Amino acid sequence: MIRLSDIHKYYRSGEQSLHVLKGIDLHIQEGELVSIMGSSGSGKSTLLNILGVLDSYDQGSYALAGHSVTNLRETQAAHLRNKFLGFVFQSFNLLPFKNAAENVALPLYYQGVGRKERNYRAEQYLEMVGLSDRKHFMPNQLSGGQKQRVAIARALVCKPKVILADEPTGALDSRTTQEIMSLFKEVHRLGNTIIIVTHEPDVANQTHRQIYLKDGRVTTADQVHLQHEAVAI
Amino acid sequence: MFIDTEKWQEIFRTLGQHKLRTALTAFGVFWGIFMLTVLLGAGKGLENGVTNGFPRVSNFINIWSQGTTQVPYQGMPIGREILFDPGDAAAIVKNVNSVSLVKGQNSIGIWGGTPPYTVYKSKNGAFAVQGGFANIEGIQALRIIKGRSINAFDEQQRRKVVLIGQRVVEQLFSKDEDALGKDITINGISFTVIGVFESLQRGNEQQQEERIYLPNDTLRYAFNQIGWVDNLIVVPKPGVHARVAEEEAKKYLAEIHKVSPDDKGVLDSFNLQDEYDKVQGLFLGITVFSWVVAIGTIFAGAVGVGNIMLIVVKERTREIGLRKALGATPASIIAMIMQESLLITAVAGYAGLVVGALTIEAVAKMLEASGGNSGFFSNPEVDFQTALMALAVLIAAGVLASLLPAAKAAAVNPIVALQDE
Ligand SMILES: Nc1ncnc2c1ncn2[C@@H]1O[C@H](COP(=O)(O)OP(=O)(O)OP(=O)(O)O)[C@@H](O)[C@H]1O
Ligand SMILES: [Mg+2]
């Protein structure tokens, strides 16, 4: 589903250039539930943005669901995001002036789906995340967990190939985190490919594969586990 | 795009959510268009006011001889007095291409002599008498209010008929007496009144309405001016500028009267078209000025719209970033912003147009009610064409106003926009 090979990413600011990703090779198959971990500043978000076709990379190659993602025009990138990708953010990013159902329906608008169909599908997905009774609530009338459920419904509504979540539980308490993780696992059981960036081992442990970023490179899970254990002892 | 009701509902909702902002923006544009309409309407009023002061047909030239030759020419001595021959008129028409009609004019008491006594029954007065011709109304700026004007038969047959001003009527006839068909006596010679006129020469009405017109040849033969014509009225061919015809006719006259081309002081002339053009130029100036001022105002309004839209885009950066992450193309973002500001400019501008037109109309009504149009201002109006122009300017302003903010919006980087602080 996702194949990265030798991805390099630099951030340039004036004369200086920051080498953030130093050759990432990554292969994620359809239906996988994967987490990306790593210390702050290790490049997790950068990597996720590249996967999400929100950012470009300087070297290497990226194939998403068989489509090569290189030098895309903005419009092409937008179509790719709309068709293949669903995003879940730490701070939910719901539009404050739209109610839950309208927020969920928004990506369908950019697919040119008619209003009736949009509302119908939005309600379906709200029901799936257990919020069918809140569909007319505005975001400020919802709790953090509920907002994130709406966001997940929105990420799912276009039936994307991959769901990308950047610290989706970062703003939630541990009980709500657990609820959201349960929801992710349920979504995964339905056959979705999910990539979650997280700081929390609890979250990472509930995924089937953990990818560790260190110093702009992927280190094997085992090595890091060993390091953790060594520290523990 | 314009029948996509959902899109419009969305736009209306966003605008509705920011009522104050929308209202302030709209007011800038409203004011600009309002000013434009009022200025153009007022300019038109000024134009109408001044135009009314000019004769309706201004496209003629008057040529006269004003003295003796100063330069010897073709063996002729200096000090010769130049008089136009009665045959000159026909000769000019025949030989000068740019001219369509020439009429001689003689007078008693205008370009020489004193106004003769005119008598009707027991009343009399001294009125200037001037030679006329068919279709005199346009050139002398008068209107027949009773009877008829001089016609070609009157001219050909040297009929003893006169066209008299209404002040002449007042002085010679009692109130309940009809002047038409009556015989009046000028210097002892009897003439029949065929028509009464009022003057359209602004500022010269009284003088003209105390005048008597009769066919020029009638005048010449009746009052012993058979040998010469005092001056000439020359009408250029359609499409020929009066100045061209003026020069050519004068050149021809100088030739046949053996006046040296260098002897500039002999033949004098004026044409109203020059004056008319000057005034037209003034109106053009007024119009251009109005447009410049008004377009300035509109642009200021548009800049206001642009400014506010920039703030809007900045405020909505996160929303725009999110929309892009969810699959909004740059084009759809641009369309969103453009449609918003176009809607504001269109609605506000249209309101400005309507209110401006109503204001102009109200002023026109008030002018009419207060005893008509004062000297230099009458019938302010906004014509359809002006309204269309204003609308075009408005739409251009709307597009301009939204260009920069829309580009800014399209360039929003979703990563930056969605970054958590
Ligand atoms: N737009 C940018 N311009 C310059 N440098 C950037 C930019 N975005 C990120 N960086 C740098 O790239 C490195 C990786 O950033 P990134 O956001 O990917 O880290 P992260 O692993 O997501 O960290 P965190 O866990 O704190 O979210 C950091 O050193 C950061 O300072
Ligand atoms: Mg991050």
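Rules of the game
Throughout this description, residue numbers start from 1 for each chain and increase along the sequence as written. Following the order in which they are written, the chains are lettered starting with A and the ligands numbered starting with 1. Reporting of local features is limited, given that this is a predicted model, to residues whose pLDDT is at least 70; pairs of side-chain atoms are given and counted only at 80 or more, and all residues count toward the totals for whole chains, interfaces and linings. With hydrogens and water set aside, each side-chain value is computed from the structure's full complement of heavy atoms. Strands here are runs of E lasting at least two residues and helices are runs of H or I lasting at least four, both read from the DSSP assignment and numbered beginning at the N terminus. With a 1.4 Å probe rolled over the protein chains alone, any residue whose accessible area is under 20% of its type maximum counts as buried; one over 50% counts as exposed, and the rest are partly exposed. Whether two residues touch is decided by their heavy atoms; if any such pair falls within 4.5 Å, the residues are in contact. Residue burial considers only the protein chains on display, and all accessible areas are found by Shrake-Rupley using a 1.4 Å probe. Put simply, buried Ala, Val, Leu, Ile, Met, Phe, Trp, Tyr and Cys residues joined by side-chain atoms within 4.5 Å make one nonpolar core. The rule for a residue being near a molecule or strand is that one of its heavy atoms must lie within 4 Å of it. Each polar contact in these results corresponds to two N or O atoms within 3.5 Å; when the atoms are within protein, one needs to be able to donate a hydrogen and the other to accept it, and residues that are neighboring in sequence are counted only if both atoms are side-chain atoms. Residue type decides the class: Asp, Glu, Lys and Arg count as charged, Ala, Val, Leu, Ile, Met, Phe, Trp, Tyr, Cys and Pro as nonpolar, and the leftover types, Gly among them, as polar. pLDDT expresses how confident the predictor is about each individual residue, on a scale running from 0 to 100. One requirement defines pairing of two strands: DSSP has to find at least two bridges between them. Note on geometry: axes are C-alpha line fits, over the in-contact stretch for helices, and angles between N-to-C directions span 0 to 180 degrees. Put simply, buried area is how much 1.4 Å-probe accessible surface two parts lose in total, over both of them, once they are put together. Any carboxyl oxygen of Asp or Glu within 4 Å of a side-chain nitrogen of Lys or Arg constitutes a salt bridge here.

### Let's talk about the overall build of chain A
Within chain A, the regular secondary structure consists of 8 helices and 10 strands. Relative to its 233 residues, chain A shows a buried fraction of 53%. For chain A, the share of sequence-separated contacts (at least 6 apart) that also reach a separation of at least 24 residues comes to 73%. Per element, the accessible surface of chain A, about 11,100 Å² overall, is 46% carbon and sulfur.

### What about the nonpolar core?
Where a protein is soluble and globular, its nonpolar side chains tend to be buried together. With 73 residues, the main nonpolar core has Ile2(A), Leu4(A), Leu47(A), Leu51(A), Tyr62(A), Leu64(A) and Ile195(A) as its most contacted residues. The element best represented in this core is helix α13 (residues 384-410) of chain B, accounting for 8 residues. Counting 35 residues, the second-largest nonpolar core is a separate cluster that includes Leu126(A), Ala153(A), Ile180(A) and Ile196(A).

### Some remarks on the site of ligand 1
Residue and element names in this part refer to chain A. In the vicinity of ligand 1 there are 13 residues, among which Ser40, Gly41, Lys44, Ser45 and Thr46 approach most closely. At a separation of 3.1 Å, an oxygen atom of ligand 1 approaches a polar side-chain atom of histidine 199. When ligand 1 is considered free in solution it has 630 Å² of accessible area, and contact with the protein chains removes 62% of it. At the level of secondary structure, the elements contributing two or more residues to the shell around ligand 1 comprise β2 (16-28) and α1 (44-51). Among the elements that make up the shell around ligand 1, the one with the highest residue count is α1 (3 residues). Of the residues belonging to the shell around ligand 1, the class tally is 3 nonpolar, 8 polar and 2 charged.

### Comments concerning the confidence of the model for chain B
Predicted confidence across chain B gives a mean pLDDT of 86, with 94% of residues reaching 70 or more. Predicted complex, confidence summary: ipTM 0.91, pTM 0.68.

### Re the sheet that holds strand β6 (residues 85-88) of chain A
Residue and element names in this part refer to chain A. The 6 strands are arranged β6-β7-β8-β3-β9-β10 in an open sheet whose pairing can be described as mixed. Each having just a single partner strand, β6 and β10 (217-219) make up the two edges of the open sheet. Neighbour to neighbour, the strand axes of the sheet diverge by 25° on average, direction disregarded. In this sheet, strand β8 (residues 193-197) lies alongside strand β3 (residues 33-38) in parallel orientation, the contact comprising 4 bridges. Bridge assignment links isoleucine 36 to a residue of β8, and that residue is valine 197. Against the sheet, helix α6 (residues 174-189) makes contact with β3, β6, β7 (162-166) and β8, and its axis sits at roughly 155° relative to β8, the strand it touches most.

### A few points about the pairing of β3(A)
Residue and element names in this part refer to chain A. When you tally the buried positions in β3, you get 6 out of 6 residues, the bulk of the element. Residues Leu33, Ser35 and Met37 line one face of β3 and the alternating positions Val34, Ile36 and Gly38 line the opposite face, and both faces are buried. Summarising the sheet, β3 and strand β9 (residues 209-214) pair through 5 bridges and their orientation is parallel. Bridge pairing in β9 places valine 34 opposite arginine 209.

### Focus: the sheet that holds β2(A)
Residues and elements named next belong to chain A. Ordered by their spatial adjacency, 4 strands build an open sheet running β2-β1-β4-β5, and the pairing between neighbours is antiparallel. Strand pairing shows two members of the sheet lacking a second neighbour, β2 and β5 (67-68), which therefore form its edges. Of the strand pairs in this sheet, strand β1 (residues 2-13) and strand β4 (residues 59-64) are connected by 5 bridges, and their pairing is antiparallel. Directly across from serine 5, in β4, lies its bridge partner serine 61. Lying over the sheet, α1 contacts β1, β2 and β4, oriented at roughly 120° with respect to β1.

### Quick word on the interface of chain A and chain B
Opposite the 26 residues of chain A that make contact, chain B presents 23 residues. The three residues of chain A that bury the most area against chain B are Phe97(A), Tyr109(A) and Tyr110(A), which together make up 26% of that side's buried surface. Remark: the boundary between chain A and chain B carries 1 salt bridge. The partner of Lys324(B) in a salt bridge is Glu74(A), with the nearest N and O atoms 3.3 Å apart. Taken together, the links from chain A to chain B amount to 6 residue pairs in polar contact (both at pLDDT 80 or more). Listed by contribution, the elements that provide at least two residues to the side of chain A that touches chain B are α2 (74-84), α3 (100-109) and α4 (115-128) of chain A. At 6 residues, α2(A) tops the list of elements feeding residues into the side of chain A that touches chain B.

### Observations concerning α3(A)
Side chains that are three or four residues apart share a direction in an α-helix, a result of its 3.6 residues per turn. In terms of residue burial, α3(A) counts as a mostly covered element, since 9 of its 10 residues are buried. Among the residues making up α3(A), those that are buried are Ala100(A), Ala101(A), Asn103(A), Val104(A), Ala105(A), Leu106(A), Pro107(A), Leu108(A) and Tyr109(A).

### Considering the pattern of salt bridges
Side chains bearing opposite charge may pair, as long as their charged atoms lie close to each other. Enumeration according to the criterion identifies 21 salt bridges over all chains in this entry. The salt bridge involving Glu179(A) is made with Arg149(A); its shortest N-O contact spans 3.4 Å. Residue Glu179(A) is found in helix α6, and its partner Arg149(A) is found in helix α5 (residues 144-156); the two are separated by 30 residues along the sequence. By relative accessible area, Arg149(A) is classed as buried at 18%. One salt bridge connects Glu319(B) with Arg323(B), and the closest N-O pair in it is separated by 2.8 Å. Here Glu319(B) and its partner Arg323(B) are both found in helix α11 (residues 317-325), 4 residues apart, which amounts to about one turn of the helix.

### Examining the environment of Gly45(B)
Residues and elements named next belong to chain B. With respect to the helices and strands, the residue glycine 45 is situated in helix α2 (residues 19-51). What makes glycine 45 buried here is its relative accessible area of 0%. For glycine 45 and alanine 364, which are 319 residues apart along the polypeptide, the C-alpha to C-alpha distance reads 8.7 Å.

### Considering the confidence of the model for chain A
All names here are of chain A. Mean pLDDT over chain A: 90, with 94% of residues reaching 70 or higher. Per-element confidence in chain A is highest for β8, whose mean pLDDT is 96, and lowest for helix α8 (residues 221-232), whose mean pLDDT is 46. Within the model, pLDDT remains below 50 along residues 222-233, and this stretch shows 4 contacts once partners closer than five positions in the same chain are excluded.

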